[in-house]
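Take a look at the letters that make up each chain.
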Amino acid sequence: MDTIKVARTNNVILHRNGKTAVGTLHLTAHHIIFSSQELSSEIWIPCPMVSTVFKNTGSALLSRYTDLDELQVKELPLADTPAKLALLKRKLQWYTENDMWAVTNIKVICKDYSVLSMDFPIASTAADVYDSLFSLTVLSSVQQLYAFLYTANDAEQKLQGDSWEVYDANSEWKRQGLDIEDPECPWRQTDVNASYAIANTYPRKLFVPRKISDSLISHCAKYRSKGRFPVLAYYYKRHNCTITRSSQPMPGITKQRSVQDEKLVETIFASSNKTTHNLIVDARPLTNAVAQVALGGGTELMDNYGFNHTAKRLFLGIDNIHVMSDTMNSFIDNYLTDADVFPQLSFAGKLNCKFHNWEKYIKLILSSVDQLSKAMVFNGSNVLVHCSDGWDRTAQVISLVEICIDPFFRTFDGFMILVEKDWVTFGHKFRERSHHLSSTDCFHDNTTGIFNDNPFSRIRRKSVSGDNGANGDGRTAPPTRATGVSSSSKFASPVFQQFLDCVFQLQRQNPEAFEFNARFLKRLVYQLYSCQYGTFLFNNEKEMCDNEAKTKTRSVWDHFRSRRELYINKQYKPAKVNATETDSSGEADPAADFLSPDLANIVWWTSLYGRKESEMSYRNIDRIISPTKRDGAGNGAPLAKDDSTAAGLVESTKELFSYFSLDRFKGRDNAAS
């Protein structure tokens, strides 16, 4: 290809996990390949897996050693076998011939948190490799991705059934206990979005109360962000209650209302279990919801949505994609950048504990899920969930609730259906959040004095090419398949990965409850970014149809279904869904197959992030998420719920935000009581 300036480069030294190898670098249209006699196998990296690329003057080893003499003194005692000694000799010979301070290094940080770097003896060769990587990763269309060229292997071709059809909406509703085609069913399928005219990020098939007309739905859509009006997401047969999802309402500063939207929500609650514990759940922090008012958004006005005190509003306080991105950016900067030469985390990294907020967010999400799950299992609550647009935090929360209350979604096939149902068809922005097409701000040429930001960073600096199309060293910008396309990583965020992290915590805490293992989850993260399959390439169902994904690409479930034995959990014990189990009083136990997260047992996902629990041992998570007060003796005690940070915030801002009728909102724990 014209965009590849150099397809093969010999005499390159690779640094990975603290080890080095001299070998050959190959660049193809869709993969980066490194081969060496010193490695047991070749290293293959899909081009979309590249997250960040740095080009620096000087070897990567200079972050560990000052010169060749120090390298020899410190590594010679570690070469305690003939094989290790031979590797060290080759390394010393390479750096004897090539000055450590003069070589050019290219460091690649991947989206699956692997890190490698390569030292090149010739600067011009390194520049050509850097430009080629830029051209291969910064794209203008999803159809340039590997999925559109990938050919299924023998095992995938022999699969029974089409993996694109693992999820069928009507079949899933029947499994849950709803016969949508029955005229007596209180729910029906609406074709109001058959051409994606009402909400282009929603699927064609949507399910609403039978009593609601399509005309009323059209009016409701105008009152919800991106037209994402409330629709059925899950039916809990045990208590005849539901989970519905939507985007935020649009009252704005003028406090507009929609009687049609109010009618729809009231009918949703009335079409299911008759209860006074209905919940309207806003996954955002209260302050974020208030800030949206100035942009024409907001949250439900409970004077209009209280429905005779049968519904309450609940803020979950989950931060937005930019906060999560910033947290991950902190991890990359402080914990991952030197993983090519440092197999273990240096002490300097431990001084910055910002990334530990990641565990706080995992804990907060699971805490919210636990609260909503218990509201449905023990109170029979109907739950309407939304965030701002309803495709990030909303998808996380409702899918995790379903996993906790429905054992089917903990099975191998059930989990695939869950992902298709709540994430793929309902418009999670996989292309945008995963940053499949990359952008110029992912490339950092430190040899020219031009620096760019990490791909998950919220702060943007100068792009890799200047206004006149020239690089800082006077060379023209490298040719790219995305020429003329302006792109950035502003909206990249590990939302789906965070969901999988939460599932990992549940699976680790309840190993017998899940049919799939942790390897399945880790591989799913890899496939999310590899772009080998078409499932995770698009922002919504319409985009998938426009690109003819189901005929031109393979489903990601081909990979897992054809290798099922690798991902099955041998400890799994199927739930006895139809069995009658009783509690200590002899009554039927509604929580016989219900999972409740152990919030005190949230751990670092070592196998994914590549850092051991011992390296990430600095803990202040409990102090952050569970404030304590001191008694006279200085002993810590958990704050009472009424004294919690969320409740305190509401009380202190009640007058300011009377617009939201906050006098009815006494704290985030009251709604499920």
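For clarity, every value in this text was computed on a predicted model and none was experimentally measured.

Overview of the packing of aromatic side chains
Think of a pair of aromatic rings as described by two things: how far the centres are apart, and how the planes are tilted against each other in angle.
Step number 1: Evaluated as defined, the whole model comprises 37 aromatic pairs.
Step number 2: Between F415 and F516, the aromatic rings sit 4.8 Å apart at their centres with planes inclined by 50 degrees, giving tilted as the arrangement. Of this pair, F415 sits in helix α14 (residues 412–424) while F516 sits in the loop between α16 (495–509) and α17 (518–530); the two residues are 101 residues apart in sequence, bridging distant segments of the chain.
Step number 3: Under the relative-accessibility criterion, F415 is labelled buried at 0%.
Step number 4: Given a relative accessible area of 0%, F516 falls into the buried group.
Step number 5: Across the ring face of F409, the terminal group of R175 is positioned such that the distance to the ring centre comes to 5.1 Å.

With respect to α14
Turn by turn, an α-helix covers 3.6 residues, leaving residues three or four places apart pointing in a common direction.
Step number 1: Between its terminal C-alpha atoms α14 stretches 17 Å, which fits the 18 Å expected from 13 residues at 1.5 Å a residue.
Step number 2: Here α14 lies mainly inside the structure; 12 of its 13 residues are buried.
Step number 3: The set of residues buried in α14 consists of F412, G414, F415, M416, I417, L418, V419, E420, K421, D422, W423 and V424.

Topic: the environment of S213
Step number 1: As for its placement among the helices and strands, S213 is situated in the loop between β9 (206–209) and α6 (214–223).
Step number 2: Judged by relative accessible area, S213 falls into the partly exposed class, the value being 38%.
Step number 3: S213 sits 51 residues away from L264 along the chain, and the two C-alpha atoms are 9.6 Å apart.

Re the UniProt feature "binding site: substrate" (unreviewed entry) in the chain
Step number 1: Here the UniProt feature "binding site: substrate" (unreviewed entry) sits at N320, I321, C387, S388, D389, G390, W391, D392 and R393. Across 74 residues of sequence, these annotated residues stay compact in space, with a maximum C-alpha separation of 12.3 Å.
Step number 2: Tracing the backbone through its elements, the reader meets N320 in the loop between β13 (311–315) and α10 (321–336).
Step number 3: The contacts of N320, once residues within four sequence positions are left out, are N288 and R393.
Step number 4: Within the structure, N320 has its side chain in polar contact with the backbone nitrogen of V323 (distance 3.1 Å).
Step number 5: Mapped onto the secondary structure, D389 falls in the loop between β14 (383–386) and α13 (393–405).
Step number 6: Not counting residues within four places of it along the chain, the set of residues in contact with D389 comprises S225, K226, R228 and S247.

Notes on unusual backbone geometry
Step number 1: Despite not being glycine, N11 has its phi angle at roughly 55 degrees, a positive value.
Step number 2: Here N11 is to be found in strand β1 (residues 8–16).
Step number 3: The phi torsion at F307 lies on the positive side, around 50 degrees, for a residue other than glycine.
Step number 4: Relative to the helices and strands, F307 resides in the loop between α9 (302–305) and β13.
Step number 5: What makes F307 buried here is its relative accessible area of 13%.

Here's the deal with the sheet that holds strand β5 (residues 50–57)
Remark on secondary structure: sheet strands pair via backbone hydrogen bonds, oriented parallel or antiparallel.
Step number 1: The sheet built from 8 strands is open, its strands ordered β4-β3-β2-β1-β7-β6-β5-β15 with mixed pairing. Here the strands that pair on one side only, and so sit at the sheet edges, are β4 (43–46) and β15 (443–445). Each neighbouring strand pair of the sheet contributes to a mean axis angle of 25 degrees, computed without reference to strand direction.
Step number 2: With 6 bridges connecting them, strand β6 (residues 104–110) and strand β7 (residues 115–120) associate as antiparallel partners. Paired with T104 across the two strands is F120, which belongs to β7.
Step number 3: Docked against the sheet, helix α3 (residues 123–137) engages β1, β2 (19–27), β3 (31–35), β5, β6, β7 and β15, running at close to 25 degrees with respect to β6.

The rules behind the values
Residues numbered from 1 in each chain as written. Predicted model: local features only at pLDDT ≥ 70, side-chain atom pairs only at ≥ 80, totals over all residues. Heavy atoms only, no water. Phe/Tyr/Trp six-rings, centres within 6.5 Å; stacked < 30°, edge-to-face > 60°. Helix = DSSP H or I, 4+ residues; strand = E, 2+ residues; numbered from the N terminus. Buried < 20%, exposed > 50% of the residue type's maximum accessible area, 1.4 Å probe, protein only. Lys NZ or Arg CZ within 6 Å of the ring centre and 35° of its normal. Expected span 1.5 Å × (residues − 1). UniProt positions renumbered as here; feature names shortened; annotations may be inferred. Contact = heavy atoms within 4.5 Å. Polar contact = N/O pair within 3.5 Å; in protein donor to acceptor, adjacent residues only side chain to side chain. Pairing = 2+ DSSP bridges. Axes fitted to C-alpha atoms, helices over the stretch in contact; angles between N-to-C directions.

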